[in-house]
Amino acid sequence: MLKLALQGMRTRWVTFVGSFIALALGVGLIATTGLALAATFSAPDRGPERFVKAPVVVKTSDLIRVDTPIGERMRTITDPAPVPAAVTAKLAALGRTVEDRTFPVTGRGLGADTVGHPWSVAALTPYALTGGRAPSAPGEAVATGDALRPGARVRAATPRGSEEITVVGTVASAGFENALFFTDAEAARISPDVDAVAVHAPADRVEAAVGAGFDVLTGDERRRADPDPDRDAEALVSVNALLGTAAGVTGFVSVFVVASTFSFAVAQRRREFGLLRTAGATPAQVRRMVFTEAFVIGVLASAAGCSLGAAGAPRLAAWMADAGIAPTWFRIGEQTWPLHTAFWTGLFVALSGVVVSSWRAGRIGPTEALRESAVDSRAMPVSRWLIGGAVLATGLGLLALALLDSPADLLKRKTYVTQPMLLIVGFALFAPVLVGPLNRLLTWLPARLPGATAMLARENASAGIRRTAAVAAPVVITVALAASLMGTTATISEAKAGEARKRITADLVATAGGEGRALPEEFLRRARAVPGVTVSATRSTGVIVLEEGVALVASEAEAVDPAAHAAVSRPPVVAGRLADLDDDSIVVNEEWLTTEVGDRVSVWLGDGRTADLRIAAVLATGTGDNGVYVTERNAAGAPVDRVDLALPRDGADSAASVLGAAAEATGVQLLTGDRWVDAHYPRSSENTRLGLWLILGIALVYTGIALANTLMMATSERVRDLASLRLTGATKGQVLRLVAVEALVVVAAGAVLGAVIAGVNLLGVWSALGLLGVWSGVVVPWGTVAAVTGASALLATAASVLPASLALRVRPVELAGTRE
């Protein structure tokens, strides 16, 4: 049987080359994304950065630890308290100490994330002067990098005010911060709080001196005192989610398309199997031959795909790093399990792709096969009806269940990326019965126009329904994915922006430019001094609650003055009143387990304190941006990072002018409410767009390969039909136009079916938003759909016209006389 299978593969090499390429590419894509995904499971081991030369570093602990029935649970608080003066005095008695202070610095010529430090702490990194001298007086500073040179003067705003700063020296950048170093006395004046203390003393003596509530860090643990010590791991979270999604989509697309390609390849050989049955082959022998062919192709193609993946993964990682999707240090590791997974997945797909087709091939009787015409008499077997119906019902059922049970889950990327898969599979399984009516509908008018091309294309597509469905399947997948992913992200982003516009009633919004950066106190003083202006200062903090006794859940929170905030904001309150918020209460949203107004909840505040607070009001969940509110007293240590301003009715222009001057002087970004929403709620971030295009690019490439393979196989089987057209008087150009039109008709049908699937998904997202109280229009990505459909049309036209053109180079009489 192996010899017979190898001989058949050599004779029908066009059919098997198509299957080989489709499978090899699928395995290659799975291996590439798998290797890249494996590289996100661990961040590189990094030692201390800011405190390399410090033997011991002491800071207030930023962890809360809770014993639960399932073990200890830990969470990081947002606003740890500074190191008290009494503790710094004890540490100074043990040995030489260096007090570290970190505070934001804004101004023209400075980076958006520039921070200030005392000069004495620079030696602990260590920073070394590359030019100029150390600061020795107020108003002098040393800058990192080469953007500022010694002698440069900048207007810088710090928490204590705005003043002219003279750069007197520079140090080489350490790569993890943009910093200005002031004299120790000036840094203490600007930021009196001590964030950490470097101690030159034995660690055991330091621990005994500080007691509980403080972290005594040595060795690699000193990294916990660095700025954003978890940034490497956090950077990999989004990369992991993106690559996980890409791997899932790649696996789904490749498995489905490869199975479809194998099924079509086997379906083309019905007469061959009939001849084998006539020659005495049993059904079991036919099935074994088909499985043997699939096994050989599966092994060879999977091996080739693994080689492609090993070569492509480093290039994918480099592109992601260059595009800013992944950190600059992101590299492919030495893991080999993704290659094993890809290889065995490819072999499994190859074998499973011929299960149903080989069973049908074995059931064909000799005389039945010899009498079978080229017209597909039955589009789908009963098994496909049952499987397709079950998959489609499951997809629609899960969508309905999500809408009824947890509509907010449909707005999460993991859900709205995976949700369309079952619907795509379900509709694609019904492609043989759906594509035919779509073809007739789309060609109804063209078929009635003068000329026979449209009519012949219509009839050919209807007669070869298996071929038509196999060509339409990859188009269905790509268009459905493109419209669903791009449309869903755009719809959710637009809903978030609309929700923010309704929530914000302020005339002006002031921020420090960077996410969560403190605003200078000078701006607050100036703003509050403007007559008639309502100033609502917001402090970003967080609260942690123990849910069901086992899970510590952190929520973002905002600390506000309830009366002032009510004048500049209209939060979606569903129970209670925001005005009832006081130091003994909290405002929560509907996602919390306890949402009854008047009930009390125990929480950990941003500085680690515990508090038993009464629920004053409950907010709607919305798109997820409606967080928690506390008062300023319950956000100790959190700086003001946003100010909403309501202008007086009389003198609004003059008040806005004064506020604009204050913002200019202090380096604050001042925008109108609408412009602030436009700046902070774009339709989608650049990284999100690049990530989605990565996913769609994979699907589109695979669609191109699948179209090329299927159409090349189909054209190789139609050479006698094409020759018959030539013998009846059709010119070569007319035949090629017919082939092209037929391909375009099939692509159009696949695009329409994909659009229907996307419409169902977008309708589900729109319904979920409505159930959450956010009524927003559906954003249809017409440009993306047109681009994907156009690319599919070009690929299908080229893949059908080129092999047909090559076949027509042979004399029609010779082609008509060939036998299968």
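A brief structural summary. What you see is a predicted model; the values in this text were computed from it and never measured.

**Here we look at the overall build of the protein chain**
When its secondary structure is counted, the protein chain shows 25 helices and 24 strands. Expressed as a percentage of its 820 residues, the buried residues of the protein chain come to 51%. Put simply, of all contacts in the protein chain between residues at least 6 apart along the chain, 81% involve residues at least 24 apart. Only carbon and sulfur atoms are counted for the fraction: they give 59% of the accessible area of the protein chain, which is about 35800 Å².

**Points about the pattern of salt bridges**
Considering all chains together, one arrives at 21 salt bridges under this definition. Among the salt bridges present, the one from Glu522 reaches Arg526, with a minimum N-O distance of 3.1 Å. Pair noted here: Glu522 and Arg526 are both in helix H17 (residues 521–528), with a separation of four residues, about one helical turn. Overall, the relative accessible area of 34% leaves Arg526 in the partly exposed class. A salt bridge links Arg577 to Asp580; the nearest nitrogen and oxygen atoms lie 2.8 Å apart.

**Points about helix H12 (residues 382–405)**
In a regular helix each residue adds 1.5 Å, so 24 residues correspond to 34 Å; H12 covers 34 Å between its end C-alpha atoms and thus fits that length. Taken residue by residue, H12 has Gly388, Val391, Leu392, Gly395, Leu399, Ala402 and Leu403 as its buried positions.

**Points about unusual backbone geometry**
In this structure, the amide linkage connecting Thr125 to the following residue, Pro126, adopts the cis form with an omega of -5°. Along the chain, Pro126 turns up in the loop between strand E7 (115–118) and strand E8 (129–132). Positioned with a positive phi, Glu548 is a non-glycine residue whose angle comes to about 55°. Along the polypeptide, Glu548 turns up in the loop between strand E16 (534–547) and strand E17 (551–559).

About the thresholds
- Sequence order sets the numbering: in each chain, residues are counted from 1 along the sequence as written.
- Reporting in this predicted model follows two pLDDT cut-offs: at least 70 for local features of residues, and 80 or more for side-chain atom pairs to be given and counted; totals over whole chains, interfaces and linings ignore these cut-offs and use all residues.
- Just so you know, side-chain values use all the structure's heavy atoms and leave hydrogens and water out.
- The way it works is that DSSP assigns letters per residue, a run of H or I at least four long becomes a helix, a run of E at least two long becomes a strand, and they are numbered from the N terminus.
- Each residue is placed in one exposure class: buried if its accessible area under a 1.4 Å probe, protein chains only, is under 20% of its type's maximum, exposed if it is over 50%, and partly exposed if it falls in between.
- Throughout, a residue-residue contact means that at least one pair of heavy atoms, one from each residue, lies within 4.5 Å.
- Only the protein chains shown count as cover for residues, and the accessible areas themselves come from Shrake-Rupley with a 1.4 Å probe.
- Just to be clear on terms, a salt bridge is a Lys or Arg side-chain nitrogen sitting within 4 Å of an Asp or Glu carboxyl oxygen.
- Here a helix's expected span is defined as the number of its residues, less one, multiplied by 1.5 Å.

These figures capture arrangement, not role.
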